[in-house]
Amino acid sequence: MKVSLNWVKRYVDLPTDLTPKQISFDLTMRTVEVEDVIDTSEKFHDIVVGKILEVQDHPNADQLRVCIVECGEDEPKQIVCGGSNLYEGEKVVVSKPGAEVFWHGEDSLVKIKESKLRGVPSYGMICGATEVYLESYFPLEDEHMIVDLSDVDCEVGQNIADVIGMNDVVFDIDNKSLTNRPDLWGHYGIARELAAIYKCPLKPLPEAGLPENLPEYKIDVQAEDKCPRYAAIEIENVYDKPSPMWMQTAIINGGMRPINAIVDITNYIMMSVGQPTHGFDRTHVDGSHIIVRNAKKDEKLVLLDRALLDLTEDDLVICDENSPMALAGIRGGIKDSILPETTGVVIEVATFTAGTIRKTGKRFDEKTDASIRYEKGLDTQRVDQGIAMAAMLFREIFPESKIVAFGDRNPKPTPRNVIDVTQDFLDVRLGKVLPQEEIMDILTRLGYDVTFENGTYHCIVPTYRSTGDVSVKDDVLGDIARVYCYENFEMKPLPVNFEHAVRQPKAQLDRKIREYLAFRCGFNEIFTYPWIDEKYIQAAKIDTTQAIRLATPPAPELATLRQSLIPGMLEAAVKNLRYYDEFKVFEVAQTFHQGEYHESCQEETLPVHKKLLSGIVVGKDAKKNFFEVKGVLEDMPRFCHMEGLTFKQKEKPSWSDDKVYLNVYHQGKNIGSIGLISVQAMNAAGISRTQIAYFELCFDDMIPLNSRSNTFEHLPQYPLVEEDLSILVDESMHWHDVEEAVRHMVKKYEFIEEYRGKQIPAGKKSLVFRVWIGNDDSTMTSKQIDKKMNAITKALQKKCGASIREE
């Protein structure tokens, strides 16, 4: 979504020292992710208003004119131009040297320089609308016309960005960060958020201001569960004309394009307060009666783009007394179009439930700016803002217009959520104790009504946050934390204490198999989607009677979740054969089967998962491919430390050749198959002139080998001291006895050698070993080292009769 800073400033007076970069940072840290900050005036540099003082014929070209133009410089400039509507006194758009324009239909920008055209010097360029981004403001009858600014309030030398209001900054906001915030899909919502962040007052929106004693426009809401509120304003004395320049600029900077004043008003309301509105030509509403109902069986609707929809009884439509006029909340029909001859309109301002719009939009693959907002969940109170803004804008842009009727059905007003949050809960979850006054101030700025009593905050959530966004106390906590700003929370290291090594033999087997296939066997790992094209399922002849189908698939042919990895491998083969004649790929992935699987709790029900391992070897030589796959599986147990595999030919897989296949057994259980993919399967998948060997194993049934349990020891925090000892002991003394004497006095010890020789007395032997000693809380001093070594020597003497060898 694109947000205009100038538009936001109509609703909140921000601190004057704020830069767009700082606003972008604060929004990202507290509310939504700003992906880019765009200065809309940059592209209009060196493009100014000029006034033609003289128009003369070009001496060397019949189609060109030589103009003397005043453009804010020290003296008038001579510019050669081929425009068809040049005249003296005309105000025009002048691109001075250095400006960048689209030159006569070129795809890329061209920098203007002083030059000669057919021998006559030309300072710059007098521009047409398409050459300087003005085609939305000044639609021209032919490509030779230049922009005529004579009727526009502007001064000679003034930058065009200032003339049209493009001296703006636009924030490009990531839509994913807005998904759970229906209140932010309009400039007023962003202004409200900035007012909360910077502690500025938010300006109120205009009241409805409808005339008194208006006749009631007839509205019948038959599907109240899908349409909580529907209002209609009937307005006469309007006509087809462009919207004011300020509105066109706002709409362009908001990411849409101007169309005409009537349509632009509806789009402006939507981008202002996030409330979609729609205009019907009043003469097209048969009976001056709007009916909101579910479509009837076999009913059809022709949209504005003339697409024909076959409606279902689950689709919500806006009808007159005879037929559907629009697909509710998504797109208008051809019957309700605003036409050049339109003189009266009925403005729809309504609330439709998010699920209704999402399901219908998905069914017909329709997504519009209106449906995107309805899918987030809008409150019924926002309709009042749309009504008020519509009345104000029509009065401003069409002074002669008149509101002649108004109807409003509000069967299900949006209630305000009520949430109690304790101080203890906030203190623990925030990790920081915030003062009560600060918490209440933050929540009040965000639109909550808050009272505090007996350690509990009683929070009444505003309606624009009560449609799913804020529903539990954790949501309130999140609001407090983000507005306080996450960077204001001090970092606290998590206490981590490793007591023992964690053995995960199954996870280690998974990694070993992947590394074995990739590093030793030369396979490339691939990842495929869990939804599979039916073409490849049918090619593999997989029975889908027990398959799981998606209610809203990415595409109609991708409705089935995979039961096997072979269809995905067939698709991977098709794609890779465009570039390679030989290749090897594998995948480890989940398949899905009917049944119930509870991942973490009984309430969380998922389909049954099975983890499979599959791979293909593709090449011209079928025999080589098959035996390579067999060899890869035969060596896998040895390299991956798992129980062995055996091969028998018992049950032919649906996808394999009639003769070249084997079933794979593991601990006596059939866990998969290998084989050549049959010619029929390859033909059905669109594969030819190659051979494919395939294997598929159930990873869940593969058993890793048992191994010893490793123990964990902390690394020393302070340096250890290493000392070698050479002692004399009786021949009968064993290393084990020496080990027992010193093991509790040292950090580590190590046997080096046992020696007998001339220097060693009869009946004695020399033992040489190394010890490491140290403190747990400090580095050892020399006195501590001597004391420890003396203690070790005494222990050896007492327990082993040992003496230190002198030589």
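Everything that follows concerns the structure shown earlier in this document.
Let me sum up the structure you'll find in this document. All values reported here derive from a predicted model rather than from experimental measurement. (Residues numbered from 1 in each chain as written. Predicted model: local features only at pLDDT ≥ 70, side-chain atom pairs only at ≥ 80, totals over all residues. Heavy atoms only, no water.)

## Brief notes about the pattern of salt bridges
Step number 1: Applying the stated criterion across every chain, the model contains 50 salt bridges.
Step number 2: Across the salt bridge formed by Arg445 and Asp441, the nearest N and O atoms sit 3.0 Å from each other. Placement of the pair is Arg445 and Asp441 together in helix α11 (residues 436–445), with a separation of four residues, close to one helical turn.
Step number 3: Across the pair Asp701 and Lys669 runs a salt bridge whose closest N-O atoms are separated by 3.3 Å. In this pair, Asp701 sits in the loop between β35 (691–698) and β36 (721–730) while Lys669 sits in strand β34 (residues 669–677), placing the two residues 32 residues apart along the sequence.
Step number 4: Judged by its relative accessible area of 44%, Lys669 falls in the partly exposed class.
Step number 5: Several salt bridges share partner residues, and in doing so they unite Arg181, Asp183, Glu193, Arg465, Asp469, Asp479 and Arg482 into one network. (Salt bridge = Lys/Arg side-chain N within 4 Å of Asp/Glu carboxyl O. Helix = DSSP H or I, 4+ residues; strand = E, 2+ residues; numbered from the N terminus. Buried < 20%, exposed > 50% of the residue type's maximum accessible area, 1.4 Å probe, protein only.)

## What about the packing of helix α10 (residues 423–430) against helix α12 (residues 473–484)?
Step number 1: Contact pair α10 / α12: the axes reach a minimum separation of 11 Å and the direction vectors enclose 60 degrees. On the basis of their axis angle, the class for α10 and α12 is oblique. Where α10 crosses over α12, the two elements pack in a sense that is right-handed. Contacts between α10 and α12 involve Phe425, Leu426, Arg429 and Leu430 from the former and Lys473, Asp474, Leu477, Ile480 and Ala481 from the latter.
Step number 2: Taken together, the residues that form the contact of α10 with α12 break down as six nonpolar, no polar and three charged. (Axes fitted to C-alpha atoms, helices over the stretch in contact; angles between N-to-C directions. Parallel < 35°, antiparallel > 145°, perpendicular 65-115°, else oblique. Left-handed = near helix turned anticlockwise from the far one by under 90°. Contact = heavy atoms within 4.5 Å. Nonpolar A, V, L, I, M, F, W, Y, C, P; charged D, E, K, R; others polar.)

## Thoughts on the sheet that holds strand β13 (residues 218–221)
Step number 1: A sheet is described by the order of its strands in space; here five strands give the open sequence β13-β16-β19-β20-β21, paired in mixed fashion. Both outer strands of the open sheet, β13 and β21 (331–332), are each paired with one neighbouring strand and no more.
Step number 2: Here three bridges tie strand β19 (residues 316–319) to strand β20 (residues 324–327), and the two strands are oriented antiparallel to one another. Bridge pairing links Ile318 to Ala326 in β20. (Pairing = 2+ DSSP bridges.)

## A look at unusual backbone geometry
Step number 1: Even without glycine at this site, Asp298 takes up a positive phi of about 65 degrees.
Step number 2: The exposed category is assigned to Asp298, whose relative accessible area is 63%.
Step number 3: Positive phi outside glycine occurs at Asn454, with the angle close to 55 degrees.
Step number 4: Residue placement: Asn454 occurs in the loop between β25 (449–453) and β26 (456–460).

## Considerations on the environment of Glu155
Step number 1: In this structure, Glu155 sits in the loop between β11 (125–126) and α3 (160–164).
Step number 2: Residues Glu155 and Cys71, spaced 84 residues apart in sequence, show a C-alpha to C-alpha distance of 9.5 Å.

## Considering the packing of aromatic side chains
Step number 1: Inspection of the entire model under this criterion finds 20 aromatic pairs.
Step number 2: Between the aromatic rings of Phe102 and Tyr133, the centroid separation amounts to 5.6 Å while the plane-to-plane angle is 75 degrees, which identifies the pairing as edge-to-face. Taken together, the residues Phe102 in strand β7 (residues 100–102) and Tyr133 in the loop between β11 and α3 connect sequence positions 31 residues apart.
Step number 3: Taking relative accessible area as the criterion, Phe102 reaches 23% and is therefore assigned partly exposed.
Step number 4: Ring geometry for Tyr137 versus Phe138: centroids 6.5 Å apart, planes at 40 degrees, classification tilted. For the pair shown, Tyr137 and Phe138 are each scored as buried.
Step number 5: Through pairs of rings, three or more aromatic residues link up here, namely Trp735, Tyr749, Phe751 and Phe769.
Step number 6: Of note, Lys43 hangs over the ring of Tyr133, and the distance from its end group to the ring centre comes to 4.7 Å.
Step number 7: Its end group placed over the ring of Phe699, Lys506 keeps NZ or CZ at 5.0 Å from the ring centre. (Phe/Tyr/Trp six-rings, centres within 6.5 Å; stacked < 30°, edge-to-face > 60°. Lys NZ or Arg CZ within 6 Å of the ring centre and 35° of its normal.)

## A short note on the packing of helix α5 (residues 245–253) against helix α6 (residues 261–273)
Step number 1: In contact at an axis separation of 10 Å, α5 and α6 are set at 55 degrees when each is read in the N-to-C sense. Judged on the interaxial angle alone, α6 and α5 are oblique. As α5 packs across α6, the resulting crossing turns out to be left-handed. Between α5 and α6, the residues in contact are Trp246, Met247, Gln248, Ala250 and Ile251 and Asp264, Ile265, Tyr268 and Met271, respectively.
Step number 2: For the contact of α5 with α6, the per-class residue count stands at seven nonpolar, one polar and one charged.

## With respect to the environment of Val120
Step number 1: Within the secondary structure layout, Val120 lies in strand β10 (residues 120–122).
Step number 2: Linking Val120 and Ala350, residues 230 residues apart in sequence, is a C-alpha distance of 62 Å.
Step number 3: If sequence neighbours within four positions are ignored, Val120 has contacts with His58, Pro59, Val66, Gln78, Val80 and Ser115.

## Overview of the side chain of His289
Step number 1: With respect to the helices and strands, His289 occurs in strand β16 (residues 289–294).
Step number 2: Assessed through its relative accessible area of 8%, His289 is described here as buried.
Step number 3: Side chain to side chain, His289 and Glu321 meet in a polar contact 3.2 Å long.
Step number 4: The residues touching His289, leaving out its near neighbours within four places in the chain, are Tyr217, Lys218, Ile219, Asp220, Cys319, Asp320 and Glu321. (Polar contact = N/O pair within 3.5 Å; in protein donor to acceptor, adjacent residues only side chain to side chain.)

## Observations regarding helix α8 (residues 369–376)
Step number 1: The element α8 is largely enclosed, with a buried count of six among its eight residues.
Step number 2: Among the residues making up α8, those that are buried are Ala370, Ser371, Ile372, Arg373, Tyr374 and Glu375.
Step number 3: Where the residues of α8 are buried, they touch α6, β22 (344–351) and α7 (354–364).
Step number 4: Directly after α8, the chain includes Gly377, whose backbone phi takes a positive value near 95 degrees.

## A few points about a nonpolar patch on the surface
Step number 1: Residues Leu494, Val496 and Phe498 make up a contiguous nonpolar surface patch of about 380 Å² in total accessible area.
Step number 2: Inspection of the secondary structure puts Leu494 in the loop between α12 and α13 (505–520).
Step number 3: Look at Leu494 and you get exposed, because its relative accessible area is 74%. (Patch = residues over 30% accessible without salt bridge, like charges linked within 9 Å, V, L, I, M, F, W, Y side chains within 5 Å. Areas by Shrake-Rupley, 256 points an atom, 1.4 Å probe, with all protein chains shown as cover.)

## Points about the environment of Leu426
Step number 1: Mapped onto the elements, Leu426 comes out in helix α10.
Step number 2: When its relative accessible area of 1% is taken as the criterion, Leu426 is described as buried.
Step number 3: Each C-alpha atom, one on Leu426 and one on Lys2, is 34 Å from the other, the two residues being 424 residues apart in sequence.
Step number 4: Not counting residues up to four positions away in its chain, the partners in contact with Leu426 are Val421, Gly431, Lys432, Ile439, Tyr457, Leu477 and Ile480.

## Brief notes about the pairing of β16
Step number 1: The element β16 is largely enclosed, with a buried count of five among its six residues.
Step number 2: In terms of strand pairing, β13 meets β16 through four bridges, oriented parallel. Among the inter-strand pairings, Ile219 is bridged to a residue of β16, identified as Ile290.
Step number 3: In terms of strand pairing, β16 meets β19 through four bridges, oriented antiparallel. Among the inter-strand pairings, Arg293 is bridged to a residue of β19, identified as Val317.

## Describing helix α19 (residues 782–800)
Step number 1: In this model α19 runs 26 Å from its N-terminal to its C-terminal C-alpha over 19 residues, within 8% of the 27 Å that 1.5 Å per residue would give.
Step number 2: Ile785, Met789, Ile792, Ala795, Leu796 and Cys800 are the residues of α19 that are buried. Viewed end-on, α19 has its buried residues packed into an arc of 120 degrees, placing them on one side of the element. Facing away from the buried side of α19, by more than 90 degrees, are the exposed residues Lys783, Lys787, Lys794, Gln797 and Lys798.
Step number 3: Buried residues in α19 make contact with β36, α18 (735–742) and β38 (764–773).
Step number 4: Where α19 ends, the next residue or the one after it, Gly801, has phi of about 65 degrees, a positive value. (Expected span 1.5 Å × (residues − 1). Arc of directions from axis to C-beta.)

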